[in-house]
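# Tertiary structure, described
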Amino acid sequence: MLITAASNNPFNLYGSQSLSRPAAPKTPPQSSGNGTASGELSQEQRQLVEKLKARDREVRAHEQAHLSAAGNLAVSGARYDYVAGPDGQRYASGGDVGIDVSEVAGDPQATLLKADTIRRAALAPANPSAQDQSVAARAAAMANKARNELLNLQRAEPPGATLDLNA
């Protein structure tokens, strides 16, 4: 299961391309040896670079929040999609983190705990994406199923087999 950065970016930097799944990056400008492209960037290009930098920071923070909350359930590090800016640099425009969302076979209590961690990991970023919310909803459903299994196990125990200390 992949948890991804929000792809509903308010600005579309490359016309019809989506920031979450960009087409092949444009060829970077040729350097003249002094650290700049063959000419200085225009004001519009500088503004675009600033937007790309901001999006890069947002995406990296989003995926790091997933990783931090997922703990040992993360099956991969963050994977990023990139776009090339007019300055020739690559900027993260979207990303995802692999999370183990399988149930714990034969152990509804462990599944319940795992579902809670999955849900926290999915909702960890400040602005969870639609995909993040979908993963969180599936984790909540997994938790409900595990709770039902636990209740069924408790009902199946013979009377007097357990001592209720809460009574």
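Residues numbered from 1 in each chain as written. Predicted model: local features only at pLDDT ≥ 70, side-chain atom pairs only at ≥ 80, totals over all residues. Heavy atoms only, no water.

Helix and strand counts for the chain stand at 3 helices and 3 strands. Secondary structure of the chain in N-to-C order comes out as β-α-β-β-α-α. Considering the chain as a whole, with its 167 residues, one finds that 33% of them fall into the buried category. Taking all contacts inside the chain whose residues are at least 6 apart in sequence as the whole, residues at least 24 apart take part in 67%. Of the roughly 10000 Å² that the chain leaves accessible, carbon and sulfur atoms contribute 51%. (Helix = DSSP H or I, 4+ residues; strand = E, 2+ residues; numbered from the N terminus. Buried < 20%, exposed > 50% of the residue type's maximum accessible area, 1.4 Å probe, protein only. Contact = heavy atoms within 4.5 Å. Areas by Shrake-Rupley, 256 points an atom, 1.4 Å probe, with all protein chains shown as cover.)

Once the charged atoms of two side chains with opposite charge are near each other, the side chains can pair. Under the counting rule described, the total for this entry stands at 8 salt bridges. Asp100 is the partner of Lys114 in a salt bridge, and the nearest nitrogen-oxygen pair spans 3.0 Å. In this pair, Lys114 is assigned in helix 2 (residues 108-122) and Asp100 in the loop between strand 3 (90-99) and helix 2, connecting sequence segments 14 residues apart. For Lys114, a relative accessible area of 11% puts it in the buried group. Asp100 sits in the partly exposed class, given a relative accessible area of 27%. Because the salt bridges share partners, they merge into one network encompassing Arg79, Asp81 and Asp96. (Salt bridge = Lys/Arg side-chain N within 4 Å of Asp/Glu carboxyl O.)

Take Arg55: it is sitting in helix 1 (residues 43-70). For Arg55, a relative accessible area of 3% gives the class buried. Looking at Arg55, its side chain comes within polar contact range of the side chain of Glu58, at 3.0 Å. (Polar contact = N/O pair within 3.5 Å; in protein donor to acceptor, adjacent residues only side chain to side chain.)

Before going further, it helps to spend a moment on the environment of Asp56. Along the chain, Asp56 falls in helix 1. Taking the C-alpha atoms as reference, Asp56 lies 9.2 Å from Arg90; in sequence the two are 34 residues apart. Leave out the neighbours within four places in its chain, and Asp56 touches Tyr91 and Ala92. Looking at Asp56, its side chain comes within polar contact range of the main-chain nitrogen of Ala92, at 2.6 Å.

Looking now at the nonpolar core. Within the largest apolar cluster, 15 residues are counted, with the highest numbers of intra-cluster contacts made by Ile99 and Ile118. The set of elements that each furnish at least two residues to this core consists of strand 3, helix 2 and helix 3 (130-156). With 6 residues, helix 3 is the single largest residue contributor to this core. Residues Leu48, Val49, Val83 and Tyr91 belong to the second largest nonpolar core, which totals 5 residues. (Core = buried A, V, L, I, M, F, W, Y, C linked by side-chain atoms within 4.5 Å.)

Moving on, we get to helix 3. Taking 1.5 Å of rise per residue, 27 residues should cover 39 Å, and helix 3 covers 39 Å from first to last C-alpha, within 8% of that figure. Residues of helix 3 that are buried include every one of Asp132, Val135, Ala136, Ala139, Met142, Ala143 and Ala146, and no others. (Expected span 1.5 Å × (residues − 1).)

Since the α-helix turns once every 3.6 residues, residues separated by three or four places project in the same direction. Compared with the 21 Å implied by 1.5 Å per residue over 15 residues, the 21 Å span of helix 2 between its first and last C-alpha is a close match. Those residues of helix 2 not exposed but buried are Pro108, Thr111, Leu112, Lys114, Ala115, Thr117, Ile118, Ala121 and Ala122.

What follows concerns the pairing of strand 2 (residues 74-84). One ladder, built from 8 bridges, connects strand 2 with strand 3; its direction is antiparallel. Paired with Val83 across the two strands is Tyr91, which belongs to strand 3. Following strand 2, the chain reverses through 5 residues before pairing antiparallel with strand 3; Gly88 in that reversal takes a positive phi of roughly 85 degrees. (Pairing = 2+ DSSP bridges.)

What follows covers the packing of helix 1 against helix 2. Taken N-terminus to C-terminus, the directions of helix 1 and helix 2 make an angle of 165 degrees; their axes are 8 Å apart at the nearest point. In terms of orientation, helix 1 lies roughly antiparallel with respect to helix 2. The crossing of helix 1 and helix 2 is right-handed. Contact residues: His66, Ala69 and Ala70 in helix 1; Thr117, Arg120, Ala121 and Ala122 in helix 2. Residue classes in the contact of helix 1 with helix 2 are distributed as 4 nonpolar, 2 polar and 1 charged. (Axes fitted to C-alpha atoms, helices over the stretch in contact; angles between N-to-C directions. Parallel < 35°, antiparallel > 145°, perpendicular 65-115°, else oblique. Left-handed = near helix turned anticlockwise from the far one by under 90°. Nonpolar A, V, L, I, M, F, W, Y, C, P; charged D, E, K, R; others polar.)

Such coordinate-based values are descriptive only and should not be taken to indicate function.
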